[in-house]
There are 2 protein chains.
Amino acid sequence: MSLLVVGSVAFDSIQTPTQSRERILGGSATHFSYSASFFAPVRLVGVVGDDFPDEYVQLLRSRNIDTAGLHVVQGGKTFFWKGKYEPNMNDRETLEVQLNVFGDFRPKLPESFRRSEFLFLANGSPVTQLSVLEQTLGPRLVVADTMDLWIREQHAELMKLFKRIDGLVMNDSEAKLLTDDENLVAAGHKILKLGPRFVVIKKGEHGAMFFSEHETYVLPAFPTQRVVDPTGAGDSFAGGMMGYLASQGNFEPKTLKEAMAYGILVASYTVEDFSLDRLQSISRSDLDLRLGQYRKMLSF
Amino acid sequence: MSLLVVGSVAFDSIQTPTQSRERILGGSATHFSYSASFFAPVRLVGVVGDDFPDEYVQLLRSRNIDTAGLHVVQGGKTFFWKGKYEPNMNDRETLEVQLNVFGDFRPKLPESFRRSEFLFLANGSPVTQLSVLEQTLGPRLVVADTMDLWIREQHAELMKLFKRIDGLVMNDSEAKLLTDDENLVAAGHKILKLGPRFVVIKKGEHGAMFFSEHETYVLPAFPTQRVVDPTGAGDSFAGGMMGYLASQGNFEPKTLKEAMAYGILVASYTVEDFSLDRLQSISRSDLDLRLGQYRKMLSF
């Protein structure tokens, strides 16, 4: 079934303890859509400047990602983020942000995108996320991401959003901030009361937790020594999850759990190199192979 | 098969963000042996002062824990620890330590304990741990715990110990300190090279990782909202693990993984109340029930 993502497309400059890269391809919608494309076609809505190389657009298109919703602002510059990771590769410091054309991003869905069954609202202002929702025609599943900025500064709008979505995906630190509860299990249950029918709390190297009225579970990350760059791992997780759901055409508990596993495994590849580099070297069969290892790891 | 633990028996005064307790029963050998006793009889070696209440000794004995190795120093005082937990219930600050009789602890195994098939050397100086090893007669499986103090201050002795043990159990922060590696998967593999045939890295609320030459896996903690006091969770984990191994009489990969799961589940009960309070209210069947839930949680 059709899967739509609305989010950022960006240039990232990244410093890790051992390596650095300048102006590589990044952004939430980029990581999401590439990761989802292992499972299903994707419709992408985002904005870039005319400094955005055509080869990147072609790269996305080659993956069955429909870029009809990728707006190019002539004379504008693409969103730029520069960050530095701590030795633990979990904590990071933002060194520079240039919102550029993303600062004025008022997403407008192409007519052909309005009827999309699965919708992912990548991290963005809840006002923008709500405006996207208004433009859709009866999506079957709406999942959103958010971040500390909106929890702090647009709380009322966020609460309004939560009542309109089916699923919420967020980081552990954001879940604690939102609920003022340090226990993630308690936090997950509190967030359910705000509206979403399910909540996924991402724990980085420790995996992800799932909460719904009848289910609470945690799945660990796939253990990997090769953590080169964690940027985009969360969006990659969401992409794998939503892509798999769209491919199955349902979001039954069983399908959701498989989707969580696939999300974890796509992300486990994403962190093994910068940008989309590692994902470009694998195929769906690699994911299925790792799924087999992961299943075996968790059975006893 | 017979299971021997050598470690501390203590009084703990504990402050959590919401509650506090004074001079409750604690210590590594206490938590270990009570947890192991759900699965197998235990032989305990430790030391207390004559201020140690007989009711605590009786409590241990009622669980098929042989206290013939619990030395009572007349006129001495029992090891005392006072600590305070941060709101996240993971980080804690030591407010006071009185080593008392534990400061001069030179464990001497009763003759009847020397031939014990399964041996757990709870956290202590590696010199002491080695001296215990010298007193044993052909144990089949020797597992040790350690801590940052010994990594920093008795490194050579610790390296000597590592060459004599089969398994090592330690916290994530200690594994990072020992290997100077922030990636726990890399750290686990580095520690294997120091001697142990398997390594378990405990990650608190995030579960535990297992490393051997042929296997690397991670199992999450059992998700619980009710975290009242995490003190003793690590020793409780080790007790559940070793108790199950002793009950099965082998340490094949399959048995080790089941033992890891039982360790995680006993610890998930331990944290639900202070001291041994929660464990005193459950039976083996509760652990088996939770094991079923845990297995279901991890299958998809």
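Our subject is the structure listed above.
One structure accompanies this document, and this report is about it.

So, how was this worked out
Residues numbered from 1 in each chain as written. Chains lettered and ligands numbered in written order. Predicted model: local features only at pLDDT ≥ 70, side-chain atom pairs only at ≥ 80, totals over all residues. Heavy atoms only, no water. Helix = DSSP H or I, 4+ residues; strand = E, 2+ residues; numbered from the N terminus. Rg over C-alpha atoms; globule rule 2.2 N^0.38 Å. Buried < 20%, exposed > 50% of the residue type's maximum accessible area, 1.4 Å probe, protein only. Contact = heavy atoms within 4.5 Å. Areas by Shrake-Rupley, 256 points an atom, 1.4 Å probe, with all protein chains shown as cover. Lys, Arg positive; Asp, Glu negative; His and termini not counted. Charge placed at Lys NZ, Arg CZ, Asp CG, Glu CD. Expected span 1.5 Å × (residues − 1). Buried area = accessible area lost by both parts, 1.4 Å probe. Salt bridge = Lys/Arg side-chain N within 4 Å of Asp/Glu carboxyl O. Polar contact = N/O pair within 3.5 Å; in protein donor to acceptor, adjacent residues only side chain to side chain. Nonpolar A, V, L, I, M, F, W, Y, C, P; charged D, E, K, R; others polar. Pairing = 2+ DSSP bridges. Axes fitted to C-alpha atoms, helices over the stretch in contact; angles between N-to-C directions. Parallel < 35°, antiparallel > 145°, perpendicular 65-115°, else oblique. Left-handed = near helix turned anticlockwise from the far one by under 90°. Least-squares fit on C-alpha atoms with pLDDT ≥ 70 in both. Phe/Tyr/Trp six-rings, centres within 6.5 Å; stacked < 30°, edge-to-face > 60°. Lys NZ or Arg CZ within 6 Å of the ring centre and 35° of its normal. Core = buried A, V, L, I, M, F, W, Y, C linked by side-chain atoms within 4.5 Å.

### A few points about the overall build of chain A
Now for step 1: Along the backbone of chain A there are ten helices and 13 strands.
Now for step 2: For 300 residues, the compact-globule formula gives about 19 Å, and the C-alpha radius of gyration of chain A, at 18 Å, lands near that figure.
Now for step 3: In terms of principal-axis extent, the alpha carbons of chain A reach across some 55 × 45 × 35 Å.
Now for step 4: For chain A, the proportion of its 300 residues judged to be buried stands at 61%.
Now for step 5: Looking at chain A alone, contacts between residues at least 24 apart form 64% of all its contacts between residues at least 6 apart.
Now for step 6: Just so you have it, chain A exposes about 11900 Å², and 47% of that area is on carbon and sulfur atoms.
Now for step 7: In chain A, the 32 positive side-chain charges and the 37 negative ones have mean positions that sit 4 Å from each other.

### Quick word on helix α8 (residues 233–248) of chain B
Residue and element names in this part refer to chain B.
Now for step 1: Its 16 residues place the ends of α8 23 Å apart at the C-alpha level, agreeing with the 22 Å of an ideal helix rising 1.5 Å per residue.
Now for step 2: The buried fraction of α8 amounts to 13 of the 16 residues, a majority that puts the element mostly inside the structure.
Now for step 3: At the exit of α8 stands G249, carrying a positive phi of roughly 70 degrees.

### Thoughts on the interface of chain A and chain B
Now for step 1: The interface is formed by 33 residues belonging to chain A together with 33 residues belonging to chain B.
Now for step 2: Carbon and sulfur atoms make up 64% of the area that chain A and chain B hide from each other, which totals about 2700 Å².
Now for step 3: Its largest share of buried area at the contact with chain B, chain A owes to H206, Q225 and F300 of chain A, together 27% of the area lost on that side.
Now for step 4: Put simply, chain A and chain B have zero salt bridges between them.
Now for step 5: On the surface where chain A and chain B come into contact, there are 14 residue pairs in polar contact (both at pLDDT 80 or more).
Now for step 6: A total of five residues in the side of chain A that touches chain B trace back to one element, the largest contributor, which is helix α10 (residues 284–297) of chain A.
Now for step 7: Along the lines of polarity and charge, the residues of the side of chain A that touches chain B split into 18 nonpolar, eight polar and seven charged.

### A look at the sheet that holds strand β11 (residues 198–202) of chain B
All names here are of chain B.
Now for step 1: The nine strands are arranged β5-β4-β1-β8-β9-β10-β11-β12-β13 in an open sheet whose pairing can be described as mixed. The sheet is open, and its two borders are formed by β5 (65–73) and β13 (216–219), each paired with just one other strand. On average, adjacent strands in this sheet sit at an angle of 15 degrees to one another, irrespective of strand direction.
Now for step 2: Sheet analysis places strand β4 (residues 42–49) next to β5, joined by seven bridges and oriented parallel. By the bridge assignment for β5, G49 is matched with V73.
Now for step 3: Those strands touched by helix α2 (residues 54–61) are β4 and β5, and its axis lies near 155 degrees from that of β5.

### Digging into the pattern of salt bridges
Now for step 1: Applying the stated criterion to the full structure yields 22 salt bridges over all chains.
Now for step 2: Among the ionic pairs, D288 of chain A bridges to R284 of chain A, the shortest N-O distance being 3.3 Å. Of the two residues, D288 of chain A and R284 of chain A are both situated in helix α10; the distance of four residues between them amounts to about one turn of the helix.
Now for step 3: A salt bridge links E272 of chain B to R290 of chain B, with the shortest nitrogen-to-oxygen separation between them at 3.2 Å.

### A short note on the packing of helix α9 (residues 253–270) of chain A against α10 of chain A
Residue and element names in this part refer to chain A.
Now for step 1: At a minimum axis distance of 10 Å, the contact between α9 and α10 shows a crossing angle of 115 degrees. With respect to their mutual orientation, α9 and α10 come out roughly perpendicular. For α9 against α10, the interelement crossing comes out right-handed. Every residue of α10 that contacts α9 at A261, Y262, I264, L265, V266, S268 and Y269 is listed here: R284, D286, L287, D288, R290, L291 and Y294.
Now for step 2: A per-class count over the contact of α9 with α10 returns nine nonpolar, one polar and four charged.

### Brief notes about the relation of the copies chain A and chain B
Both copies of the chain are related through a single rotation about an axis accompanied by a shift along the same axis.
Now for step 1: You can overlay chain A on chain B at an RMSD of 0.0 Å; the transform is a turn of 180 degrees with a shift of 0.0 Å along its axis. A rotation of that kind, with that shift, is consistent with a two-fold axis.

### Considering the packing of aromatic side chains
Now for step 1: The full count for this structure, using the stated rule, is 28 aromatic pairs over all chains.
Now for step 2: Geometrically, the ring pair formed by Y34 of chain B and F38 of chain B is edge-to-face, given 6.1 Å between the ring centres and 75 degrees between the ring planes.
Now for step 3: Ring-pair connections join several aromatic residues into one group, and the members of that group are F11, F52 and Y56 of chain A.
Now for step 4: Positioned above the aromatic ring of Y34 of chain A is the side chain of R63 of chain A, whose terminal nitrogen or guanidinium carbon lies 4.4 Å from the ring centre.
Now for step 5: The aromatic ring of Y269 of chain A is capped on one face by R290 of chain A, whose charged end is 3.7 Å from the ring centroid.

### Quick word on helix α7 (residues 184–192) of chain A
Residues and elements named next belong to chain A.
Now for step 1: The buried fraction of α7 is high, at seven of nine residues.
Now for step 2: Buried residues along α7 sit against β10 (167–171), α6 (172–179), β11 (198–202), β12 (208–212) and β13 (216–219).
Now for step 3: Between a side-chain oxygen at the N-terminus of α7 and the backbone nitrogen of V185 the separation is 2.9 Å; the capping residue is N183.

### Observations regarding the packing of helix α3 (residues 126–135) of chain A against helix α5 (residues 155–162) of chain A
Residue and element names in this part refer to chain A.
Now for step 1: At a minimum axis separation of 9 Å, α3 and α5 run at an interaxial angle of 30 degrees. Relative to α5, the element α3 lies roughly parallel. Handedness of the crossing formed by α3 with α5: left-handed. Residues P126, V127, Q129, L130 and L133 of α3 form the contact with α5, whose participating residues are E157, L158, K160 and L161.
Now for step 2: Tallied by class, the residues present in the contact of α3 with α5 amount to six nonpolar, one polar and two charged.

### Thoughts on the nonpolar core
Now for step 1: Counting residues in each nonpolar core, the largest one holds 206 residues, and the members touching the most others are M241, M242 and Y294 of chain A together with M241, M242 and Y294 of chain B.
Now for step 2: Ignoring sequence-local partners within four residues, the contact set of M242 of chain A consists of L3, F32, F118, L119, F120, L141 and V143 of chain A.

### Quick word on the pairing of strand β4 (residues 42–49) of chain A
All names here are of chain A.
Now for step 1: Most of β4 is tucked away: seven of the eight residues are buried.
Now for step 2: Here three bridges tie strand β1 (residues 3–6) to β4, and the two strands are oriented parallel to one another. Bridge assignment links L4 to a residue of β4, and that residue is R43.

### Overview of the environment of A29 of chain B
All names here are of chain B.
Now for step 1: Here A29 lies in helix α1 (residues 28–36).
Now for step 2: The exposure class of A29 is buried, given its relative accessible area of 0%.
Now for step 3: As for A29 and D235, which are separated by 206 residues in sequence, their C-alpha atoms are 7.5 Å apart.
Now for step 4: Not counting residues within four places of it along the chain, the set of residues in contact with A29 comprises V5, G7, S8, V9 and L44.

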